Amino acid sequence: MNIQRMQEMANGDSPTYIVAIETSCDETSAAVVRDGKEVLSNVVSSQVDIHQKFGGVVPEVASRKHVESVSWIIEQAFEEAGIAPHEVAAVAVTQGPGLVGSLLVGMVAAKALAFALGKPLIGVHHIAGHIYANQLVHDLQYPLVALVVSGGHTELVHVETEGRFRIIGQTRDDAAGEAYDKVARALKLPYPGGPHVDRLAHEADEAVEMPRAWLESNSYDFSFSGLKSAVMAALNQARMKGIELAPSAVARGFQDSVIDVLVNKSLRAARDVGARQLLLAGGVAANKGLRTELAARCSAEGLPLLVPPLSLCTDNAAMIAAAAFLKLRRGQYSSLTMKAEPLMKLESWSV
Ligand code: KG4
Ligand code: ZN
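Everything quoted here is computed from the prediction, not taken from an experiment.

Here we look at the overall build of the chain
Then step 1. Along the backbone of the chain there are twelve helices and ten strands.
Then step 2. The C-alpha radius of gyration computed for the chain amounts to 21 Å, which stays within 12% of the reference 20 Å derived for 351 residues, consistent with globular compactness.
Then step 3. Dimensions of the chain, computed from C-alpha atoms along their principal axes, come out at roughly 70 × 45 × 35 Å.
Then step 4. Taken over 351 residues, the chain has a buried fraction of 53%.
Then step 5. The contacts of the chain with a sequence gap of at least 6 include a subset with a gap of at least 24, amounting to 74%.
Then step 6. Total accessible area computed for the chain in this model is approximately 14,800 Å², and 54% of it derives from carbon and sulfur atoms.
Then step 7. Here the chain contributes 32 positive and 38 negative side-chain charges, whose respective centroids are spaced 4 Å apart.

So, the side chain of His130
Then step 1. Inspection of the secondary structure puts His130 in helix 5 (residues 126-132).
Then step 2. A relative accessible area of 1% places His130 in the buried class.
Then step 3. Only 3.0 Å separates the side chain of His130 from the side chain of Asp315, close enough to count as a polar contact.
Then step 4. Apart from the residues lying within four places of it in its own chain, the contact partners of His130 are Val148, Ala281, Gly282, Gly283, Cys313, Thr314, Asp315 and Met319.

With respect to the pattern of salt bridges
Then step 1. Tallying each qualifying case throughout the model produces 16 salt bridges.
Then step 2. Linking Asp221 and Arg172 is a salt bridge whose minimum nitrogen-to-oxygen distance equals 3.0 Å. In this pair, Asp221 sits in the loop between helix 7 (194-203) and helix 8 (225-241) while Arg172 sits in the loop between strand 8 (165-170) and helix 6 (176-186), placing the two residues 49 residues apart along the sequence.
Then step 3. Judged by its relative accessible area of 16%, Asp221 is buried.
Then step 4. The class of Arg172 is partly exposed, set by a relative accessible area of 44%.
Then step 5. A salt bridge links Arg252 to Asp256; the nearest nitrogen and oxygen atoms lie 3.5 Å apart. Here Arg252 pairs with Asp256, and both are found in helix 9 (residues 247-273), just four residues apart, close to one helical turn.
Then step 6. When salt bridges that share partners are traced, they join Asp174, Glu178, Lys182 and Lys228 into one network.

The rules behind each value
- Residues numbered from 1 in each chain as written.
- Chains lettered and ligands numbered in written order.
- Predicted model: local features only at pLDDT ≥ 70, side-chain atom pairs only at ≥ 80, totals over all residues.
- Heavy atoms only, no water.
- Helix = DSSP H or I, 4+ residues; strand = E, 2+ residues; numbered from the N terminus.
- Rg over C-alpha atoms; globule rule 2.2 N^0.38 Å.
- Buried < 20%, exposed > 50% of the residue type's maximum accessible area, 1.4 Å probe, protein only.
- Contact = heavy atoms within 4.5 Å.
- Areas by Shrake-Rupley, 256 points an atom, 1.4 Å probe, with all protein chains shown as cover.
- Lys, Arg positive; Asp, Glu negative; His and termini not counted.
- Charge placed at Lys NZ, Arg CZ, Asp CG, Glu CD.
- Polar contact = N/O pair within 3.5 Å; in protein donor to acceptor, adjacent residues only side chain to side chain.
- Salt bridge = Lys/Arg side-chain N within 4 Å of Asp/Glu carboxyl O.

Set out below in structure tokens:
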């Protein structure tokens, strides 16, 4: 038991602990979080090395790896937190969206734990987790707009009050992270390609100009598949003409286009709903170019920008615990018959 825990017990304080499990894609993670705010442990085991040789996540392999890791990761999360399993107030788990086989592994582990401990179970929407990762490091003020950009999602979410979500814009085809990964593959960079494209873009002296998909003037939706095709076309045309295109210039042109659209639509959405904060969430929030540009534009408009640290941007269980705390406070629990929902809707998870 750590010193802080001994002091709490001596003072008679009764903090609320949640243990959370996240297995929606290719990271197996378990975390213990106190009062929805303080991360006591956040153990993440990434399968990136395994999927790298296939150039993307292989769902069947992902579920098998989750089965191998989930038990020891939960044990490690308790150990690092210095908390005994029976001390938690609830067991939280990502219910969806995600890969069904992967979700099921976390779901079964969470149900078994909740049942054995006699504690409530809380199913959590993965995107609500990404958004509430910000709560672990910032105080949220409503209404706010969250830009969620990951390998599977690109969404603008209006959060009017705590835990009430409305998707006001989303991608009509590829997610931003997916486009990064596909462009990276065309540039012969390893999977996941986002960080490599980001790095190359920063090394570039010039940019190959790429189109922007603004869509209808009042739309907050996104589209990245045309941009991805434009990158492929530029590479193919150069190859046919025997011209050598600098990969860094291609990466820069692609990244400039993605960032331009993401930043402009986010700021317009924030303005339109009278947001008091703009939140950035999801794996692509690690993008240096996106962070820099958003920070500059938000500062010019006097809009506070909240971005979680990198470890809380990519998939992790602490963010699931943070979101679960909203439900725990309201006594909104899930039943032991809860099903994994690969296509779960964010709005339906609102408190
Ligand atoms: O949120 P996340 O860990 O998993 C999903 O829920 O999808 O996001 C992973 C995605 C991958 O597509 C990866 O290429 C992208 O985030 N990513 C980045 C960067 N770091 C990770 N994309 C652009 N720039 C980065 N620095
Ligand atoms: Zn994610």
